[in-house]
Amino acid sequence: NELTLALGRPSGYIDSILEGALFSNFYAELTVNTNLCSSTDEYGMLIRYQSQSNHYRYSLSCDGQVRLDRIYSGIASSPQDWMISAAVPSAAPSTSRLGVWAVGQELRFFINDQYQFSINDSAIPSGTMGVFVRSGGETAVTVSFSDLQIYQIEQ
């Protein structure tokens, strides 16, 4: 199955949430194909999503950077601010495999099987998954997501 999110308006945001699932300790992987994407446009995974007010947002930018935002009680913070990564494609079209390992308060993030960073945060212990696209400029953004695999980790 493939899901394509397309934005035609400047500075827009769109997401899609997996309904009816709850994950706490897991490893998830997802293939991402950027079709139209430039500079400050973003795309990625929503992790332990409980609501628009409570979730983690694993973001890749179309200029080769990665970051993690935590939205908790409606307030955004960045446990991992933007950092340049050779694993993030800096041009479209491109294909990447995103991975997230989450056990307890530890979350580890991967791109194409390359470790990026970890955080320790107990604010959001469980939730569902989702994907998103954000337009950072005036041009359209189109990103396809496919091959989501989620593995439960027993503690």
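Parameters and conventions
Residues numbered from 1 in each chain as written. Predicted model: local features only at pLDDT ≥ 70, side-chain atom pairs only at ≥ 80, totals over all residues. Heavy atoms only, no water. Helix = DSSP H or I, 4+ residues; strand = E, 2+ residues; numbered from the N terminus. Rg over C-alpha atoms; globule rule 2.2 N^0.38 Å. Buried < 20%, exposed > 50% of the residue type's maximum accessible area, 1.4 Å probe, protein only. Areas by Shrake-Rupley, 256 points an atom, 1.4 Å probe, with all protein chains shown as cover. Lys, Arg positive; Asp, Glu negative; His and termini not counted. Charge placed at Lys NZ, Arg CZ, Asp CG, Glu CD. Contact = heavy atoms within 4.5 Å. Disulfide = S-S within 2.5 Å. Pairing = 2+ DSSP bridges. Core = buried A, V, L, I, M, F, W, Y, C linked by side-chain atoms within 4.5 Å. Phe/Tyr/Trp six-rings, centres within 6.5 Å; stacked < 30°, edge-to-face > 60°. Lys NZ or Arg CZ within 6 Å of the ring centre and 35° of its normal. Salt bridge = Lys/Arg side-chain N within 4 Å of Asp/Glu carboxyl O.

Chemist: Honestly, the overall build of the protein in this entry has me stumped. Any pointers?
Modeler: Counting secondary structure elements, the protein contains zero helices and twelve strands. Mapped from its N terminus to its C terminus, the protein presents α and β elements in the order β-β-β-β-β-β-β-β-β-β-β-β. Relative to the compact-globule value of 15 Å for 155 residues, the protein shows a C-alpha radius of gyration of 14 Å, a close match. Taken along its principal axes, the extent of the C-alpha atoms in the protein is 45 × 30 × 30 Å. When burial is assessed residue by residue, the protein has 50% of its 155 residues classed as buried. Total accessible area on the protein stands at roughly 7200 Å², and carbon and sulfur atoms take up 47% of it. Between the mean site of the 8 positive side-chain charges and the mean site of the 15 negative ones, the protein shows a separation of 5 Å.

Chemist: Before we go on, may I ask you to explain the environment of Val-131 in this structure?
Modeler: Counting through the fold element by element, Val-131 comes out in strand 11 (residues 128-134). Placed 16 residues apart in sequence, Val-131 and Tyr-115 show a C-alpha to C-alpha distance of 20 Å. Filtering out sequence-adjacent residues up to four positions away, Val-131 remains in contact with Leu-3, Leu-5, Ile-14, Asp-15, Ser-16, Leu-30, Gly-44, Met-45, Leu-46 and Phe-145.

Chemist: What is the right way to look at the state of the cysteines in this model?
Modeler: In a disulfide, the sulfur atoms of two cysteines are covalently bonded to one another. Across all of its chains, the model carries one disulfide by this definition. Disulfide pairing places Cys-37 opposite Cys-62 at an S-S distance of 1.3 Å. Highlighted residues: Cys-37 in the loop between strand 3 (26-36) and strand 4 (42-51) and Cys-62 in the loop between strand 5 (54-61) and strand 6 (65-72), separated in sequence by 25 residues. For Cys-37, a relative accessible area of 15% translates into the label buried.

Chemist: I keep staring at the pairing of strand 7 (residues 75-84) and nothing clicks. Help me out?
Modeler: Side-chain direction in a regular strand flips from residue to residue, so the side chains alternate between the two faces of the sheet. With six bridges joining them, strand 6 and strand 7 adopt antiparallel strand pairing. Of the residues in strand 7, the one forming a bridge with Tyr-72 is Ile-75. Hairpin connection between strand 6 and strand 7: a loop of two residues separates the two successive antiparallel strands, and Ser-73 in this loop has a positive phi of roughly 55 degrees.

Chemist: Honestly, the nonpolar core in this entry has me stumped. Any pointers?
Modeler: Within soluble globular proteins, side chains that are nonpolar tend to cluster in buried spots. Membership of the largest hydrophobic core comes to 34 residues, with the highest contact counts inside it found for Tyr-43, Met-45, Ile-47, Tyr-58, Phe-109 and Phe-145. In terms of residue count, the dominant contributor to this core is strand 3 (four residues). Leave out the neighbours within four places in its chain, and Phe-145 touches Asn-1, Glu-2, Leu-3, Leu-5, Leu-30, Thr-31, Val-32, Tyr-43, Gly-44, Val-131, Phe-132 and Val-133.

Chemist: Sorry, what's going on with the packing of aromatic side chains here?
Modeler: A ring pair, where both rings are aromatic, is described by two values, the distance of the centres and the angle of the planes. Enumeration according to the criterion identifies seven aromatic pairs in this entry. Each ring, one from Phe-110 and one from Tyr-115, has its centre 5.9 Å from the other, and the planes form 70 degrees; the classification is edge-to-face. In this structure Phe-110 comes out as buried when scored by relative accessible area, which is 18%. Among the aromatic residues, those joined into a ring-pair cluster are Tyr-27, Phe-110 and Tyr-115. The ring of Phe-132 carries Arg-57 above its face, with NZ or CZ at 6.0 Å from the centroid. Sitting over the ring of Trp-101, Arg-108 keeps its end group 3.9 Å from the ring centre.

Chemist: What am I meant to see in the pattern of salt bridges here?
Modeler: Pairs can form between side chains of opposite charge whenever their charged atoms are close. Taken as a whole and assessed by the stated rule, the structure comprises eight salt bridges. Between Arg-134 and Glu-42 there is a salt bridge, with the nearest N and O atoms lying 3.5 Å from each other. A residue pair is termed long-range when its members are at least 10 positions apart, and Arg-134 in strand 11 and Glu-42 in strand 4 qualify at 92 residues. What makes Glu-42 buried here is its relative accessible area of 9%. A salt bridge links Arg-67 to Asp-69; the shortest N-O distance between them is 2.8 Å. The class for Arg-67 is buried, based on a relative accessible area of 15%. Because the salt bridges share partners, they merge into one network encompassing Arg-57, Arg-67, Asp-69 and Asp-81.

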